[in-house]
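Descriptive analysis of the structure
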Amino acid sequence: QVQLVESGGGLKQAGGSLRLSCAASGRTLSGNVMGWFRQAPGNEREFVAAIRSSGGSTYYADSVKGRFTISRDNAKNTAYLQMNNLRPEDTAVYYCAARRGLDVIWVRASEYDYWGQGTQVTVYS
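Note that the coordinates shown come from a computational prediction; the quantities given were computed from them, not determined experimentally. (Residues numbered from 1 in each chain as written. Predicted model: local features only at pLDDT ≥ 70, side-chain atom pairs only at ≥ 80, totals over all residues. Heavy atoms only, no water.)

Describing the overall build of the chain
- A tally of regular secondary structure across the chain gives 0 helices and 11 strands.
- Each helix and strand of the chain, placed in order from N terminus to C terminus, yields the pattern β-β-β-β-β-β-β-β-β-β-β.
- Since a compact globule built from 125 residues should have a radius of gyration of about 14 Å, the 13 Å found for the chain is in line with a globular shape.
- With respect to the three principal axes, the spread of C-alpha positions in the chain is 40 × 25 × 25 Å.
- Within the chain, the proportion of its 125 residues that are buried is 43%.
- A separation threshold of at least 6 residues defines the contact pool for the chain, and within that pool the share at least 24 residues apart is 60%. (Helix = DSSP H or I, 4+ residues; strand = E, 2+ residues; numbered from the N terminus. Rg over C-alpha atoms; globule rule 2.2 N^0.38 Å. Buried < 20%, exposed > 50% of the residue type's maximum accessible area, 1.4 Å probe, protein only. Contact = heavy atoms within 4.5 Å.)

Right, dumping it as C-alpha cells:
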C-alpha cells in the first residue's frame, strides 16, 4: 500500500509559478509510474502529466505542454509538478497518483492504483 500526500498548492496570479510535491509513504515509489491529474468544479478528472518509474520518459496533456514539468526523486520518494506561466484555466484540485506494474505511460485515471487527497490551485487574472 502506498499513501500519497500532495502539497504546494495555493493562490497565484496568472503568469506565476507553483511547484507541487507528492510525498509517498508506506512503500517505495521507485517501481511506480507517477501521474498528475486535475479536477475543476463540474468537470471530470483530467490527465495532466505522467512519468515512468525511472524518470526517463514523460508525457503531458496538450493544455500544459511547455508550461508544466513533471519530475521525480526516487531517493526522496517524491514526485513533483513544476507549473510555470499559470493561467486561470489551470484552476483546479490537483491530484497525484501512482500505478504499479508495467512501466509505461498511463493517461486514464482508472489505470492508477493509489491517489493523494488533492491540493487546490487557484489562478486569478
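Considering the side chain of Ser53
- Mapped onto the elements of the fold, Ser53 is located in the loop between strand 5 (46-51) and strand 6 (58-60).
- Overall, the relative accessible area of 12% leaves Ser53 in the buried class.
- Aside from chain neighbours lying at most four places away, what touches Ser53 is Ser30, Gly31, Asn32, Val33, Arg72, Asn74 and Asp103.

Description of the nonpolar core
- Judged by nonpolar contacts, the single largest core of 35 residues is most densely connected at Leu4, Trp36, Leu81, Met83 and Tyr94.
- Residue contacts for Leu81: discarding those within four places in its chain leaves Leu18, Arg19, Leu20, Trp36, Val48, Ala49, Phe68, Thr69, Ile70 and Tyr94. (Core = buried A, V, L, I, M, F, W, Y, C linked by side-chain atoms within 4.5 Å.)

Some remarks on the state of the cysteines
- For the structure shown, the criterion picks out 1 disulfide.
- One disulfide in the model links Cys22 with Cys96; its S-S distance is 2.0 Å. Measuring handedness by torsion sign, the sulfur bridge of Cys22 and Cys96 sits at about 60° and is right-handed. Within this pair, whereas Cys22 is found in strand 3 (residues 18-25), its partner Cys96 is found in strand 9 (residues 92-99), the two being separated by 74 residues in sequence. For the pair Cys22 and Cys96, a shared accessibility class is recorded, and that class is buried. (Disulfide = S-S within 2.5 Å.)

Describing the pattern of salt bridges
- Summed over all chains, the structure comprises 7 salt bridges.
- Salt-bridge contacts for Asp90 lead to Arg38; the nearest nitrogen and oxygen are separated by 2.9 Å. Of this pair, Asp90 sits in the loop between strand 8 (78-83) and strand 9 while Arg38 is found in strand 4 (residues 33-39), placing the two residues 52 residues apart along the sequence. As far as burial versus exposure is concerned, Asp90 and Arg38 are alike and both buried.
- Across the pair Arg52 and Asp103 runs a salt bridge whose closest N-O atoms are separated by 3.6 Å. Note that Arg52 is positioned in the loop between strand 5 and strand 6 and Asp103 in the loop between strand 9 and strand 10 (114-115), a separation of 51 residues in sequence.
- Each of Arg38, Glu46, Arg67 and Asp90 takes part in a single network of salt bridges with overlapping partners. (Salt bridge = Lys/Arg side-chain N within 4 Å of Asp/Glu carboxyl O.)

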